[in-house]
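Listed below are the residues making up each chain.
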Amino acid sequence: MSGDRPSPLVIERILRDRQGIWQQIVAEGDLNALTGRMLASSAIALACYGAVLGAFHSPLMALTSALKLPLLFLVTLAICLPTLYLFNLVFGARLSVRQSLALVMVAITVTSMLAVAFAPISLFFLITAPDYGFFKLLNVAILTLSALVGLRFLTGGMQVLNDHGLLAPATGATATASAPAQVAAPAAASAPAQVDAPVAVPAGGTPTTATAGAAEPVAVPAGAAAASAANGAAPDGASATTTTPAPATVPAQWGGQPGTAFPPGMVPPGYPAQQRHWVNPPARRVEPTQRPASMTLLYIWILLFGFVGTQLAWTLRPFFGDPGQDFSLFRSIDGNFYAEILRTIANL
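Residues numbered from 1 in each chain as written. Predicted model: local features only at pLDDT ≥ 70, side-chain atom pairs only at ≥ 80, totals over all residues. Heavy atoms only, no water.

Caption draft 1: Looking closely at the packing of helix α3 (residues 31-54) against helix α4 (residues 59-90). Where α3 contacts α4, the two axes come as close as 7 Å, and the packing angle between them is 140 degrees. Of the possible angle classes, the one that applies to α3 and α4 is oblique. α3 and α4 meet at a crossing whose hand is right-handed. For the pair formed by α3 and α4, the contact residues are L39, A43, L46, A47, Y49, G50, A51, L53 and G54 on the first element and M61, A62, S65, A66, L69, P70, F73 and L74 on the second. Its residues placed into classes, the contact of α3 with α4 shows 14 nonpolar, three polar and no charged. (Axes fitted to C-alpha atoms, helices over the stretch in contact; angles between N-to-C directions. Helix = DSSP H or I, 4+ residues; strand = E, 2+ residues; numbered from the N terminus. Parallel < 35°, antiparallel > 145°, perpendicular 65-115°, else oblique. Left-handed = near helix turned anticlockwise from the far one by under 90°. Contact = heavy atoms within 4.5 Å. Nonpolar A, V, L, I, M, F, W, Y, C, P; charged D, E, K, R; others polar.)

Written as structure tokens, this is what we have:
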């Protein structure tokens, strides 16, 4: 797929450029067209797979299953979407109705396309092993696997929206502490201080200036020279030298901190090694506390979506069509989906 020619298949774009899909949903850019394409693709794919399910019984059952399977997913979405939207509103998320619909439609599109990709396998077992119980369990497993993959896309999309702050309540100010400002080092820090520059002092004690490259004259009292001579630093009448460490150059301001503070982990130029404990300790990393309430409620909503979908599938049955019974558009509502699955497994 070339970069300047997008694929006409929306599922290919979802699988190849999922980050682009999430960014489009975040920006709400042309969501109506995107949602319409996903709706059409899902309906066609589910209709094709429904025809495979009903083909076990008769062509008429294949036709009705092709109509009922897309209806199953769309009615389930219509029942559960208001709950998802209101969940987000109650806990301060800022998702619009169009964003919520587009997110769920991404999951349904992935589910339907993955299911129709399994259609040749289902047809193969329909031809080679036409057993009603096995065929029913096989297709229930295919639909369950496809739905899990689709819901994984839904949670991934919600996580992207969470990273953009759409699942968190709006605040008056945006925190910027996590992004430190780039502060240029002062000019004084770039030029190292003149340390340990020898200063010449005549024996008579007359103050002289430093000649070793010091920036400013340094006056040495006569008492200091006399003390140096008394300690045997130099013979009488000779020039004596003394070592005067220059103070460290400390920037007046570094990123808004006090004048004596350096960034964490840095040492001022020329600072004594034995006093390095003066340096500020590195800032401790702050870990995120907990996931937003909207993400927790999303998993609850997924369970709700699954329960509603399975009960609606039981209400709209038959999809496969028991070969021992005549064609019927609907069956009587008795029992439930889970009891029927357990009974089918026991009969195998």
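Moving on from the coordinates now.
Caption draft 2: Broad picture of the packing of aromatic side chains. A complete count under the given rule lists eight aromatic pairs for this structure. With a centroid separation of 5.8 Å and an interplanar angle of 40 degrees, the aromatic rings of F56 and Y132 are classed as tilted. Of this pair, F56 sits in the loop between α3 and α4 while Y132 sits in helix α7 (residues 132-163), and the two are 76 residues apart along the sequence. Judged by its relative accessible area of 12%, F56 is buried. (Phe/Tyr/Trp six-rings, centres within 6.5 Å; stacked < 30°, edge-to-face > 60°. Buried < 20%, exposed > 50% of the residue type's maximum accessible area, 1.4 Å probe, protein only.)

Caption draft 3: Layout of the side chain of T344. Inspection of the secondary structure assignment puts T344 in helix α11 (residues 337-347). For T344, a relative accessible area of 6% puts it in the buried group. Among the polar contacts listed, one links the side chain of T344 to the side chain of K136, at a separation of 3.3 Å. With residues near it in sequence (within four places) discarded, T344 still touches G133, K136 and L137. (Polar contact = N/O pair within 3.5 Å; in protein donor to acceptor, adjacent residues only side chain to side chain.)

Caption draft 4: Structural view of the nonpolar core. One finds I25, L154 and W301 to be the most contacted residues of the largest nonpolar core, which totals 54 residues. Elements represented by at least two residues in this core include exactly α1 (10-16), α2 (18-27), α3, α4, α5 (97-117), α6 (119-128), α7 and α10 (293-316). Those residues in contact with W301 that sit more than four places away from it in its chain are C80, L81, T83, L84, V104 and L154. Grouped together as the second largest cluster of nonpolar side chains are five residues, L137, V140, W314 and F337 included. (Core = buried A, V, L, I, M, F, W, Y, C linked by side-chain atoms within 4.5 Å.)

Caption draft 5: Representation of the pattern of salt bridges in the model. Tallied over the entire structure, the rule returns four salt bridges. A salt bridge links E12 to R16; the shortest N-O distance between them is 2.9 Å. Of this pair, E12 and R16 both sit in helix α1, four residues apart, roughly one helical turn. Judged by relative accessible area, E12 falls into the partly exposed class, the value being 23%. (Salt bridge = Lys/Arg side-chain N within 4 Å of Asp/Glu carboxyl O.)

Interpretation in functional terms is not warranted from these geometric data alone.
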